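A structural walkthrough
Each chain, letter by letter, is given below.
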Number of protein chains: 2
Amino acid sequence: MSDDPTDRLDAVDRRAEEGFEDALADLERLLAQPSISATGEGVRECTALAASLCEAYGFDRTSTVETPGQPAVVAHADAPAPDAPTVLLYGHYDVQPADPEEWTTPPFEPTRRPGPDGRERIYARGAGDNKGQWFAHLCAVRAWREAGELPTNVTLLLEGEEESGSPNLDALVERHTDTLAADLAFVADGPIDQSGRPHVLMGARGLLYVQIDARGPNRDLHSGNYGGPVPNPAWELVRLLASMRDGDGRVTIDGFYDDVRPVGERDREALAAMPFDPEATREDLDVEAFAAGPGESYLETLLYYPTLNVAGFTAGYGGEGAKTVLPSQAQVKLDMRLVADQEPDAVFERFREHVHRHATGTVRLEVTRHARMHPQRTPLDHPVREPVTDAVTDAWGVEPVLKPTLGGSLPTAAFERELGAPCVVVPYANSDENNHSPDENLAVDCFRNGVATTARLLATLPGAGL
Amino acid sequence: MSDDPTDRLDAVDRRAEEGFEDALADLERLLAQPSISATGEGVRECTALAASLCEAYGFDRTSTVETPGQPAVVAHADAPAPDAPTVLLYGHYDVQPADPEEWTTPPFEPTRRPGPDGRERIYARGAGDNKGQWFAHLCAVRAWREAGELPTNVTLLLEGEEESGSPNLDALVERHTDTLAADLAFVADGPIDQSGRPHVLMGARGLLYVQIDARGPNRDLHSGNYGGPVPNPAWELVRLLASMRDGDGRVTIDGFYDDVRPVGERDREALAAMPFDPEATREDLDVEAFAAGPGESYLETLLYYPTLNVAGFTAGYGGEGAKTVLPSQAQVKLDMRLVADQEPDAVFERFREHVHRHATGTVRLEVTRHARMHPQRTPLDHPVREPVTDAVTDAWGVEPVLKPTLGGSLPTAAFERELGAPCVVVPYANSDENNHSPDENLAVDCFRNGVATTARLLATLPGAGL
């Protein structure tokens, strides 16, 4: 037997292929179990099922970790070699709600049938987001175990409330740093590129979601009898918002960009290498032009800079025609996508200070924080990049698209912050997985590539000098 | 018989009192007839009823004038004296919709019972707004006719779609300037002062109601995957609105104040004489402070300056908690109360130009005009002020509050513009008439004072040198 575990991949692949139909049947059993964290439906049953599947697929120790919300499953599969590296595989077993009326086949009755392109898919809520993706890890671990020695220690962390914003994940990681310690945190989540190429994502933007409630008069007023001297809470919010952003789309909250990691040469190279057609995107979205922004290009603005997005503005009359009202209340919801090395708490404080400094004092203002996630970014020259890229390239037969970060947010920053582990995201689902939508599905060949990706990752990590 | 018609008022009052119970019965018959211009329910029946009541109460010529919408009733009662002045009395016979569920007694079953203060009221939709008020004119004309010669020519104009924004009134007045020609346009509408004192209102603010629709991407987007470079239509509206108003609450649309009639010494005197307690108003509305504005005082800002009021702002998510969305669309509704001598069309053009000049060009904008009413203001030193004030003072036994203008809007500017007639508004209804609300009502003693006011007005006008 060779010392290089990549030499044993043929045997691992054979084992995975032999067990593939059984694995699909187990995945369908997992998908048939509702686990809707928004309502709690079936979550506990799914915790038990996920844990039992870990046991069945060859993990050595599986435990259920309670949180103030839904429990997590933590499973370990140990590599015999004393110097074997450790990978933390993160996924979530909870799913979005699903309205059966909108589905072709019931969301919790997994159905295998061809998709629009003729490729076989499994249709079920959670197929792509995220059960099918982490289940590929189980298949890879079992195949390695059946083919011989596991080359990398595996810790699997399955969360039960990702679709509810992962409110307890940070604390869980903080409390279990020993159990979860790893050289790499690896997340299979999201869809691959529309071109069919996989992605390697070296980070995710963070999130700060805030709301400002403005209260003017204690009741809606006739705009003729009171309009002018009586303060209008919608005007107050318009003024406040306008004070937060200049004509070039830059946020003008004091210190907002202070902690933004500068964009370097290597970053710009990575952006230039990404397949992106601005004109096709503009046409797809049917916008007149893109907004001005702090970055030098569309992708730089999207991936390297924070945003201040008006997610909702609600005041007064929104129906047909005219109603002359001076509204009593107005509300704005804002989401800020944060980038390394911004701290959500610090940004929130700056935001709140800005609101108070620019308030007119005529209406009452209340600032609420709804959600926060830290940004996370693994440097592009980090040594994990190569073994991950190699594993993905070999499994998919094509070079992955390297993205410095996801535009969206993932609750993965705690792995870097608490465990000191770099974090990389590699999506396993097809680009039309319909996550969060009716007819969610996972292409069977993508699932197969996912199993192969995890199998290869466990082989490439030992040589990476982590 | 004296030459001074005021000497004949005792006889007129006696006649009015003798016929008072019959008049209330007729008013109840009028109130029992629904006439909802929003739905059309009962409007035509009410047109006929109103016309027949004019005939019955002694008008010489009554006609129904068709419009593209609901018809108006025009009735004339001629004074024999060749030099008798003419008053145009304007009212409307249509009413607001009414949900019987919310009423103590059915809205179209007029009920006489004591109000919260023990004074007898008639409860019915339209009691105060506006059937009960113009019906007082009929009673006054009949009493004069029964007591002797009518001293003033009376033209009564009853509109059938005031509650729908009077879309056809301007054109009707334009087409019938001969029939409607008058020395004074007089409107009994709205409630008296909370103190129990009546009002004499020398004008009304105008109205321009506009909407801006902003369209960004062709669908709601994930704020993480697109936020930053993709334009957000809510931000576009925030920017546009903020560009229209400075920190002192002054509208910064080019030329917005150009046609505003300057506030003179006499205006400030009238404002100073108005009973107004800013602190009580602030407490009643429970606002922290009043807004800065162009006027030197609350009342000056309210009555002598135009507004730019955000009546509605709707974009993105307005529900509970957080939803990270980059909205496809945003909408703002604005009402502008205009003052003499602003022209709604000219202001609209300035508004539209401002929007186009300040647009970023990244999102599509559409500007719609929903409604417009011209402002109207009769100078405080106009010769009609004295006979009106005398009539009101004598009828109510107390000096009226003189208001240079109503903060709200009335479709009365056409009388000044097309007929050259000054226009004065004197409310006859109690301050808690609940117009537009459930349990609308008219205090019987207010109605009696209304009859006396019209009766006196017909007597005071001939000596006013109009």
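Here, every reference points to the structure presented above.
The shown structure was predicted, so the numbers you read here are calculated from the model rather than taken from an experiment. (Residues numbered from 1 in each chain as written. Chains lettered and ligands numbered in written order. Predicted model: local features only at pLDDT ≥ 70, side-chain atom pairs only at ≥ 80, totals over all residues. Heavy atoms only, no water.)

1. Some details on the overall build of chain A
When you go through chain A residue by residue, the secondary structure sums to 15 helices and 19 strands. Since a compact globule built from 466 residues should have a radius of gyration of about 23 Å, the 24 Å found for chain A is in line with a globular shape. Taking the principal axes of its C-alpha atoms as reference, chain A extends roughly 85 × 50 × 45 Å. With 466 residues in all, chain A has 58% of them scored as buried. Residue pairs in contact within chain A that sit at least 24 positions apart in sequence constitute 80% of those at least 6 positions apart. Carbon and sulfur atoms make up 44% of the accessible area of chain A, which totals about 17100 Å². (Helix = DSSP H or I, 4+ residues; strand = E, 2+ residues; numbered from the N terminus. Rg over C-alpha atoms; globule rule 2.2 N^0.38 Å. Buried < 20%, exposed > 50% of the residue type's maximum accessible area, 1.4 Å probe, protein only. Contact = heavy atoms within 4.5 Å. Areas by Shrake-Rupley, 256 points an atom, 1.4 Å probe, with all protein chains shown as cover.)

2. What to know about the packing of helix H13 (residues 385-396) of chain B against helix H15 (residues 444-460) of chain B
All names here are of chain B. The contact between H13 and H15 brings their axes to 8 Å, and the two run at 145 degrees. For the pair H13 and H15, the crossing hand works out as right-handed. Counted together, Pro387, Val388, Asp390, Ala391, Val392, Asp394, Ala395 and Trp396 of H13 and Cys446, Asn449, Gly450, Ala452, Thr453, Arg456, Leu457 and Thr460 of H15 form the full contact between these two elements. Classifying every residue of the contact of H13 with H15 by side-chain character gives 9 nonpolar, 4 polar and 3 charged. (Axes fitted to C-alpha atoms, helices over the stretch in contact; angles between N-to-C directions. Left-handed = near helix turned anticlockwise from the far one by under 90°. Nonpolar A, V, L, I, M, F, W, Y, C, P; charged D, E, K, R; others polar.)

3. Let's talk about the interface of chain A and chain B
With 70 residues of chain A at the interface, the matching set in chain B holds 70 residues. Both sides of the chain A and chain B interface together cover about 5700 Å² of buried area, and 55% of this is carbon and sulfur. When the buried surface of chain A facing chain B is broken down by residue, A:Pro229, A:Trp235 and A:Leu285 rank first, second and third, together holding 13% of it. Salt-bridge contacts for B:Arg219 lead to A:Asp284; the nearest nitrogen and oxygen are separated by 2.9 Å. Seen at the junction of chain A and chain B, the total is 44 residue pairs in polar contact (both at pLDDT 80 or more). (Buried area = accessible area lost by both parts, 1.4 Å probe. Salt bridge = Lys/Arg side-chain N within 4 Å of Asp/Glu carboxyl O. Polar contact = N/O pair within 3.5 Å; in protein donor to acceptor, adjacent residues only side chain to side chain.)

4. Some points on the state of the cysteines
Residue and element names in this part refer to chain A. By the definition in use, this model includes 0 disulfides over all chains. Counting only cysteine sulfurs, Cys54 is the nearest neighbor of Cys139, a cysteine outside any disulfide, at a range of 11 Å. Residue classification places Cys139 among the buried positions, given a relative accessible area of 7%. (Disulfide = S-S within 2.5 Å.)

5. Overview of the pattern of salt bridges
Taken as a whole and judged by the stated rule, the model has 68 salt bridges over all chains. Between B:Asp26 and B:Arg29 there is a salt bridge, with the nearest N and O atoms lying 3.3 Å from each other. One end of the pair, B:Asp26, and the other, B:Arg29, are both in helix H2 (residues 20-32), 3 residues apart, so they sit about a helical turn from each other. Here B:Asp26 falls in the buried class, since its relative accessible area comes to 16%. We classify B:Arg29 as partly exposed; its relative accessible area is 46%. Of the charged contacts in the structure, one is a salt bridge between B:Arg357 and B:Asp254, with a shortest N-O distance of 3.7 Å. Taken as a pair, B:Arg357 in helix H12 (residues 344-358) and B:Asp254 in the loop between helix H8 (233-242) and helix H9 (265-273) lie far apart in primary sequence, 103 residues in all. One salt-bridge network, in which partners are shared between bridges, spans A:Asp117, A:Arg119, A:Arg121, A:Asp432 and A:Asp445.

6. Describing the nonpolar core
Nonpolar side chains in soluble globular proteins generally cluster together in the buried interior. Core analysis: the biggest nonpolar cluster contains 238 residues, and A:Phe135, A:Phe313, B:Phe135 and B:Phe313 have the highest contact counts within it. With residues up to four places along the chain from it excluded, the contact list for A:Phe313 reads A:Ala234, A:Leu237, A:Val238, A:Leu241, A:Gln331, A:Val332, B:Val238, B:Phe313, B:Thr314 and B:Ala315. Membership of the second largest hydrophobic core comes to 23 residues, among which are B:Val65, B:Leu406, B:Leu410 and B:Phe415. (Core = buried A, V, L, I, M, F, W, Y, C linked by side-chain atoms within 4.5 Å.)

7. So, the sheet that holds strand S4 (residues 111-114) of chain B
All names here are of chain B. The sheet built from 3 strands is open, its strands ordered S4-S5-S19 with antiparallel pairing. Each having just a single partner strand, S4 and strand S19 (441-443) make up the two edges of the open sheet. Shown here is a sheet whose adjacent strand axes are inclined to one another by a mean of 30 degrees, direction ignored. Judged from the 4 bridges that link them, S4 and strand S5 (residues 120-123) form a sheet pairing that is antiparallel. Bridge pairing in S5 places Arg112 opposite Ile122. Contacting S4, S5 and S19, H2 crosses the sheet at an angle of about 30 degrees to S5. (Pairing = 2+ DSSP bridges.)

8. Let's talk about helix H10 (residues 278-285) of chain A
Regarding H10(A), its N-cap is A:Asp277, as a side-chain oxygen of that residue lies 3.1 Å from the backbone nitrogen of A:Glu279 further along. Note on H10(A): the residue one or two positions beyond its end, A:Asp286, has a positive phi of about 60 degrees.

9. Describing the sheet that holds strand S4 (residues 111-114) of chain A
Residues and elements named next belong to chain A. Spatially, S4-S5-S19 is the arrangement adopted by the 3 strands of the open sheet, whose pairing is antiparallel. The sheet terminates laterally at S4 and strand S19 (441-443), the two strands that pair on one side only. Neighbouring strand axes in the sheet, compared pairwise and without regard to direction, differ in orientation by 30 degrees on average. In the sheet, strand S5 (residues 120-123) pairs with S19 via 3 bridges, with the strands oriented antiparallel. Among the inter-strand pairings, Tyr123 is bridged to a residue of S19, identified as Asn441. Packing of helix H4 (residues 127-147) onto the sheet brings it into contact with S5 and S19, and relative to S19 it is tilted by some 50 degrees. Sheet strands touched by helix H15 (residues 444-460): S4, S5 and S19. Its angle to S19, the strand with the most contacts, is close to 70 degrees.

10. Observations concerning the packing of aromatic side chains
What describes a pair of aromatic rings is the distance from one ring centre to the other and the angle between the planes of the rings. All names here are of chain A. Within this structure, the stated rule accounts for 19 aromatic pairs over all chains. With a centroid separation of 6.4 Å and an interplanar angle of 70 degrees, the aromatic rings of Tyr257 and Tyr305 are classed as edge-to-face. Of this pair, Tyr257 sits in the loop between helix H8 (233-242) and helix H9 (265-273) while Tyr305 sits in the loop between helix H11 (298-304) and strand S12 (309-316); the two residues are 48 residues apart in sequence, bridging distant segments of the chain. When sorted by exposure, Tyr257 lands in the same class as Tyr305, which is buried. One aromatic cluster in this structure is built from Phe20, Tyr57, Phe135 and Phe447. Here Arg369 stacks its cationic end above the ring of Phe348, 4.9 Å away from the centre of that ring. (Phe/Tyr/Trp six-rings, centres within 6.5 Å; stacked < 30°, edge-to-face > 60°. Lys NZ or Arg CZ within 6 Å of the ring centre and 35° of its normal.)

11. Considering the relation of the copies chain A and chain B
Turning chain A through 180 degrees and shifting it by 0.1 Å along the axis lays it on chain B, with an RMSD of 0.1 Å. When the rotation and shift are considered jointly, the pair of chain copies conforms to a two-fold rotation axis. The residues that chain A uses at the interface reappear at the interface of chain B in 100% of cases, marking a shared surface. (Least-squares fit on C-alpha atoms with pLDDT ≥ 70 in both.)

12. Some details on a negative patch on the surface
A surface patch of like charges, here negative, comprises A:Asp3, A:Asp4, A:Asp7 and A:Asp10. Along the chain, A:Asp7 falls in the segment before helix H1 (9-18). (Patch = residues over 30% accessible without salt bridge, like charges linked within 9 Å, V, L, I, M, F, W, Y side chains within 5 Å. Lys, Arg positive; Asp, Glu negative; His and termini not counted. Charge placed at Lys NZ, Arg CZ, Asp CG, Glu CD.)

13. Comments concerning the environment of A:Pro167
Tracing the backbone through its elements, the reader meets A:Pro167 in the loop between strand S6 (153-159) and helix H5 (169-175). Note on A:Pro167: relative accessible area 53%, which makes it exposed.

14. Quick look at the side chain of B:Ser37
All names here are of chain B. The topology assignment puts Ser37 in the loop between H2 and helix H3 (43-56). Only 3.1 Å separates the side chain of Ser37 from the side chain of Ser164, close enough to count as a polar contact. If near-sequence neighbours (up to four positions away) are discounted, Ser37 is found in contact with Val43, Asp94, Val95, Gly160, Glu161, Glu163 and Ser164.

15. What to know about the packing of H2(B) against H3(B)
All names here are of chain B. The N-to-C vectors of H2 and H3 enclose an angle of 165 degrees; their axes lie 10 Å apart at closest approach. What the angle tells us is that H2 and H3 run roughly antiparallel. In the packing of H2 onto H3, the handedness of the crossing is left-handed. Judged by residue contacts, Asp26, Arg29 and Leu30 of H2 engage Cys46, Leu49 and Leu53 from H3. Across the contact of H2 with H3, the residue classes tally to 4 nonpolar, no polar and 2 charged. (Parallel < 35°, antiparallel > 145°, perpendicular 65-115°, else oblique.)

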